[in-house]
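# Commentary on secondary and tertiary structure
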Amino acid sequence: MRLIATDQASNVSGVAVLDDGVPIHYEAIDLSKDKDPDHRTKEMFLAIAALFEQYKPDYIAVEGVQKQANDKTMIMLSGLRGMLIGWAYCHCIPIVSPMPVEWRCVLGYAQGPKVKREQLKEQSVNYVRERFGIVATEDECEAICIGVAMYSQLANTK
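Calculation rules
Residues numbered from 1 in each chain as written. Predicted model: local features only at pLDDT ≥ 70, side-chain atom pairs only at ≥ 80, totals over all residues. Heavy atoms only, no water. Helix = DSSP H or I, 4+ residues; strand = E, 2+ residues; numbered from the N terminus. Expected span 1.5 Å × (residues − 1). Buried < 20%, exposed > 50% of the residue type's maximum accessible area, 1.4 Å probe, protein only. Arc of directions from axis to C-beta. Contact = heavy atoms within 4.5 Å. Axes fitted to C-alpha atoms, helices over the stretch in contact; angles between N-to-C directions. Parallel < 35°, antiparallel > 145°, perpendicular 65-115°, else oblique. Left-handed = near helix turned anticlockwise from the far one by under 90°. Nonpolar A, V, L, I, M, F, W, Y, C, P; charged D, E, K, R; others polar.

So, about helix α2 (residues 71–90). Between its terminal C-alpha atoms α2 stretches 28 Å, which fits the 28 Å expected from 20 residues at 1.5 Å a residue. Inspection of α2 places Thr73, Met76, Leu77, Leu80, Leu84, Ile85, Trp87 and Ala88 among the buried residues, and these make up the whole buried set. Projected down its long axis, α2 carries its buried residues within an arc of 165°, all on one side. Opposite the buried face of α2, by more than 90 degrees, sit the exposed residues Asp71, Lys72, Ile75, Tyr89 and Cys90. Elements that come into contact with the buried residues of α2 comprise β1 (2–7), β2 (12–19), α1 (37–55), β4 (59–62) and β5 (95–96). Just beyond α2, the residue with positive phi is cysteine 92, at close to 55°.

Pasting the structure below:
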């Protein structure tokens, strides 16, 4: 089963392609130099959609959007998530959209109010390095971890 997972963000999004739960491609799409949020959202969508087209997944995992301190960021991330889900619907590809707390729970992360964002990211980097021997960016590691968690759940439902 091929699954593509996205850790979409307002500036740099991680994308991972997994075959049977093993990463075969991962990358960070960095649009941080683009200062126009509407253009950046469009270009982020197009870059991720191009990977969907290239790798032809059986499933897509798009991380759910949690509350953001900045309303504009929340709107941008929600819009990008909606576009990615819409792409999946139009191409008849099943999609899952786990919240961060959900996929991290599947992987056994330490979580809670005392665990800072940086510590959560570090857990992803460590997980990917220890499990796959891959040294990658935080964004790439988060996408890989989302993919591994969702693959685990999907494989257990078959």
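Moving on from the coordinates now.
Moving on: the packing of helix α4 (residues 117–132) against helix α5 (residues 138–156). Two numbers describe how α4 lies on α5: the axes approach to 8 Å, and their chain directions differ by 70°. As summarised for this structure, α4 and α5 are arranged roughly perpendicular, according to the angle between their axes. Crossing of α4 against α5: the hand is left-handed. The segment α4 lies against α5, with Leu120, Lys121, Ser124, Val125, Tyr127, Val128, Arg131 and Phe132 engaging Glu138, Asp139, Cys141, Glu142, Ile144, Cys145 and Val148. Looking at the contact of α4 with α5 residue by residue, the classes come out as 9 nonpolar, 1 polar and 5 charged.

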